[in-house]
Amino acid sequence: MTDESNLGPGMSLEGTLLQTMGIVVSEATADRVVATMPVKGNTQPYGLLHGGASCVLAESLGSIGSALHAATYGKVAVGVDINATHHRAVREGTVTGVATPVYLGRTTTSYEVVITDDRDKRVCTARITCQLIQAPPGS
């Protein structure tokens, strides 16, 4: 299970899409975020891992890394762009996402997220960009 204390200020997984999709974060720093997600329950009608599920995993990891980086400036991160290339189909097992920074700035961040299957074959490559903004009151 995810240790929420490592996710950054004000971040909770309770009742989130990550919880619904079974995403478990095992490592979370601004330099590297790692999580797993089951294929079962995250498929499209053909029984393959849904491309949108891969995007949710990628955006989640990039957002967590961005939020951890943003906290050093007293800011929060909001996603502004994501793109993904789906390389191969997955029907069962677990996928693992690893997010590493491409750019960590004062106003934006970009992360590359590589998602692999149980055989360590690349399933998806994604890039997410976040804008770093002043935290809204009460956050």
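Residues numbered from 1 in each chain as written. Predicted model: local features only at pLDDT ≥ 70, side-chain atom pairs only at ≥ 80, totals over all residues. Heavy atoms only, no water.

## Overview of the side chain of serine 110
Operational definition: Where helices and strands are cited, they refer to DSSP runs of H or I of at least four residues and of E of at least two residues respectively, numbered from the N terminus. Three exposure classes are used, based on accessible area relative to the maximum for each residue type with a 1.4 Å probe and protein chains only: buried under 20%, partly exposed in between, and exposed over 50%. Nitrogen and oxygen atoms within 3.5 Å of one another constitute a polar contact, given that in protein one can donate a hydrogen and the other can accept it, and given that sequence-neighbouring residues count only through two side-chain atoms.
Along the chain, serine 110 turns up in strand β5 (residues 108–116). Here serine 110 falls in the buried class, since its relative accessible area comes to 12%. In terms of polar contacts, serine 110 uses its side chain to reach the side chain of threonine 129, at 3.0 Å.

## A few points about unusual backbone geometry
Of note in the backbone geometry, aspartate 120 takes a positive phi value of approximately 65° without being a glycine. Residue position: aspartate 120 is located in the loop between β5 and β6 (122–134).

## So, the pattern of salt bridges
Definition in use: Salt bridges are counted wherever a side-chain nitrogen of Lys or Arg sits within 4 Å of a carboxyl oxygen of Asp or Glu.
Going through the model one piece at a time under the given rule, you end up with three salt bridges. For aspartate 81, the salt bridge goes to arginine 127, with nearest N and O atoms at 3.1 Å. One end of the pair, aspartate 81, is in strand β3 (residues 75–86); the other, arginine 127, is in strand β6, with 46 residues separating them in the sequence. Taking relative accessible area as the criterion, aspartate 81 reaches 34% and is therefore assigned partly exposed. Put simply, aspartate 117 and arginine 119 hold a salt bridge, and the shortest N to O gap is 3.6 Å. Judged by relative accessible area, which is 10%, aspartate 117 ranks as buried.

## Overview of the environment of leucine 132
Note the threshold: Working rule for contacts: check all heavy atoms of both residues, and any pair within 4.5 Å makes them a contact.
By the element assignment, leucine 132 lies in strand β6. The spatial distance from the C-alpha of leucine 132 to the C-alpha of serine 66 is 8.0 Å, given a sequence separation of 66 residues. Not counting the four nearest positions on each side in its chain, leucine 132 is found in contact with Ser66, His69, Ala70, Lys75, Val76, Ala77, Gly105, Arg106, Thr107, Thr108 and Thr109.

## Thoughts on the UniProt feature "domain: Thioesterase" (unreviewed entry) in the protein chain
Heads up, the rule is: UniProt positions are given in the numbering used here, feature names are shortened, and annotations may be inferred rather than shown by experiment.
Taking the numbering used here, the UniProt-annotated feature "domain: Thioesterase" (unreviewed entry) corresponds to residues 46–124. For the annotated span residues 46–124, helix accounts for 27% and strand for 44% of the residues, and the straight-line distance between the end C-alpha atoms is 18 Å.

## Looking at the pairing of β5
As a reminder of what qualifies: When DSSP finds two or more bridges between a pair of strands, those strands are recorded as paired.
Within β5, seven of the nine residues are buried, which leaves it mostly tucked inside the rest of the structure. One ladder, built from eight bridges, connects strand β4 (residues 94–104) with β5; its direction is antiparallel. Pairing of alanine 99 across the sheet is with valine 113, part of β5. Taking the residues between adjacent antiparallel strands as the criterion, β4 and β5 are bridged by three residues. For β5 and β6, the ladder comprises nine bridges, and the chain directions are antiparallel. The residue of β6 that forms the bridge with valine 114 is threonine 125.

## Regarding the side chain of asparagine 42
Take asparagine 42: it is sitting in the loop between β2 (32–38) and α2 (51–71). Owing to a relative accessible area of 7%, asparagine 42 belongs among the buried residues under this scheme. In this view, asparagine 42 contacts Met21, Met37, Leu48, Leu49, His50 and Ala53; residues no more than four positions away in its chain are not counted.

## A few points about the nonpolar core
General note: in soluble globular proteins, nonpolar side chains tend to be found buried as a group. Here is the rule: In this text, buried Ala, Val, Leu, Ile, Met, Phe, Trp, Tyr and Cys residues form a nonpolar core when linked through side-chain atoms within 4.5 Å.
Grouped together as the largest cluster of nonpolar side chains are 29 residues, with contacts concentrated most on Met37, Leu49, Leu57, Val95 and Val113. Among the elements of the structure, α1 (17–21), β1 (24–29), β2, α2, β4, β5 and β6 are those that each provide at least two residues to this core. Per-element accounting of this core gives the leading share, six residues, to α2. Not counting chain neighbours up to four residues away, the residues in contact with valine 95 comprise Ala35, Thr36, Met37, Val39, Leu49, Leu57, Val90, Ile115, Thr116 and Asp117.

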